Amino acid sequence: MPYVIDHPLAAHALTHLRDKTTAPATFRTLCYQVGLLLALEATRDLPTQPKSIETPLEKIDSPVLGQGLVVVPILRAGLGMLQPYTDLFPSVSVGYVGLERDHETAVAHSYYCKLPPLDGRRVLCVDPMLATGGSASQALRVLRENGAQDLRLVTIVSAPEGVAAIEKDHPDVPVITAAVDRELNNQSYIVPGLGDFGDRLYGT
Ligand code: PRP
Ligand code: URA
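**With respect to empty space enclosed by the protein**
- Evaluation of the coordinates by the stated rule reveals one cavity of 30 Å³ or more.
- Estimates place the volume of the largest cavity at around 50 Å³.
- The wall of the largest cavity is formed by Leu46, Leu65, Gly66, Gln67, Gly68, Leu69, Phe89, Pro90, Ser91 and Val92.
- Of the residues contributing to the lining of the largest cavity, the split by class is six nonpolar, four polar and no charged.

**Here's the deal with the site of ligand 2**
- Every residue lining ligand 2 is accounted for by Arg101, Met129, Ala131, Ser188, Tyr189, Ile190, Gly195, Asp196 and Phe197.
- Separating a nitrogen atom of ligand 2 from a backbone N or O atom of Gly195 is a distance of 2.8 Å.
- Contact with the protein chains removes 89% of the 240 Å² of surface that ligand 2 exposes when unbound.
- Judged by its atoms lying within 2 Å of the grid points, ligand 2 is housed in the largest pocket.
- Of the residues that constitute the shell around ligand 2, the class distribution is five nonpolar, two polar and two charged.

**What to know about the site of ligand 1**
- Surveying the vicinity of ligand 1 reveals 16 residues, the closest of which are Arg101, Asp127, Thr132, Gly133 and Ser135.
- In the environment of ligand 1, an oxygen atom lies 2.5 Å from a nitrogen or oxygen atom belonging to the side chain of Asp127.
- Spatially, ligand 1 is embedded in the largest pocket.
- Mapped onto the shell around ligand 1, the elements with two or more residues apiece are strand E6 (96–101), strand E9 (129–130) and helix H4 (134–145).
- Here the element with the most residues in the shell around ligand 1 is E6; it accounts for three residues.

**With respect to the pairing of strand E8 (residues 122–126)**
- Burial analysis of E8 places five of its five residues in the buried class, which makes it a mostly covered element.
- With burial as the criterion, each face of E8 is covered, one bearing Arg122, Leu124 and Val126 and the other bearing Val123 and Cys125.
- Sheet topology note: the E8/strand E10 (residues 150–154) ladder contains five bridges and is parallel. Pairing of Val126 across the sheet is with Val154, part of E10.

**Comments concerning the state of the cysteines**
- What the rule picks out here adds up to zero disulfides.
- Counting only cysteine sulfurs, Cys125 is the nearest neighbor of Cys31, a cysteine outside any disulfide, at a range of 15 Å.
- Left without a disulfide partner, Cys113 is nearest to the cysteine sulfur of Cys125, which lies 11 Å away.
- Residue class for Cys113 comes out partly exposed when judged on its relative accessible area of 40%.

What counts as what
Residues numbered from 1 in each chain as written. Chains lettered and ligands numbered in written order. Predicted model: local features only at pLDDT ≥ 70, side-chain atom pairs only at ≥ 80, totals over all residues. Heavy atoms only, no water. 1 Å grid on protein atoms, 1.4 Å probe; cavity = no way out; pocket = protein on both sides within 12 Å on 5 of 7 lines; lining within 4 Å. Points joined across faces, edges and corners; volume = space filled by probe spheres on them. Nonpolar A, V, L, I, M, F, W, Y, C, P; charged D, E, K, R; others polar. Near = heavy atom within 4 Å. Polar contact = N/O pair within 3.5 Å; in protein donor to acceptor, adjacent residues only side chain to side chain. Areas by Shrake-Rupley, 256 points an atom, 1.4 Å probe, with all protein chains shown as cover. Sits in = over half its atoms within 2 Å of the grid points. Helix = DSSP H or I, 4+ residues; strand = E, 2+ residues; numbered from the N terminus. Buried < 20%, exposed > 50% of the residue type's maximum accessible area, 1.4 Å probe, protein only. Pairing = 2+ DSSP bridges. Disulfide = S-S within 2.5 Å.

This is a description of form; function is not addressed.
Encoded structure:
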């Protein structure tokens, strides 16, 4: 089962993301807000290492973040979820996987891939929409083939069909999301959903 974040700010932002009258500039801000809450949840158990410091009063060993975080947005809509990570985590590495669904078949094809070293690091694959699960499943497979072991998928809206696909194809990958919606329609759009995330994010 996916982990669904439970926060009133996430619920509020999601309502306005779903609202078809929300314009792209506001949509991007709301995407940042939900993305930030999701980022905090997805990194809750990130490893730390002790650092020796001196407070004004004494010497202590105190935890700092290690070098171990990689975030991989699935282009293009995943880019809307990237900034919380670069704002919060000073040493995050960013990889990119470009996938686009065919409008007729809903099958995603790959057009770009650029990844940093993944082995031994927490890898967060981020994409706002988990519909059939085809795109995310393909991206997770590519990340695995490139050495990722500690993998998570972070989404904003998920369909039960997409969740089931990830559970089947990648049973060891936790899914962190802001909502699990009712179903897919016959064009493989999530309902109630919020429409085409990439189009709404970039005003296309
Ligand atoms: C959207 C979304 C996911 C994918 C989800 O991207 O951002 O990547 O669809 O659908 P799936 O679970 O059925 O694969 P899209 O292919 O529309 O490309 P875009 O981000 O460039 O708009
Ligand atoms: N991609 C989107 O952007 N929206 C959906 O509902 C499904 C896939």
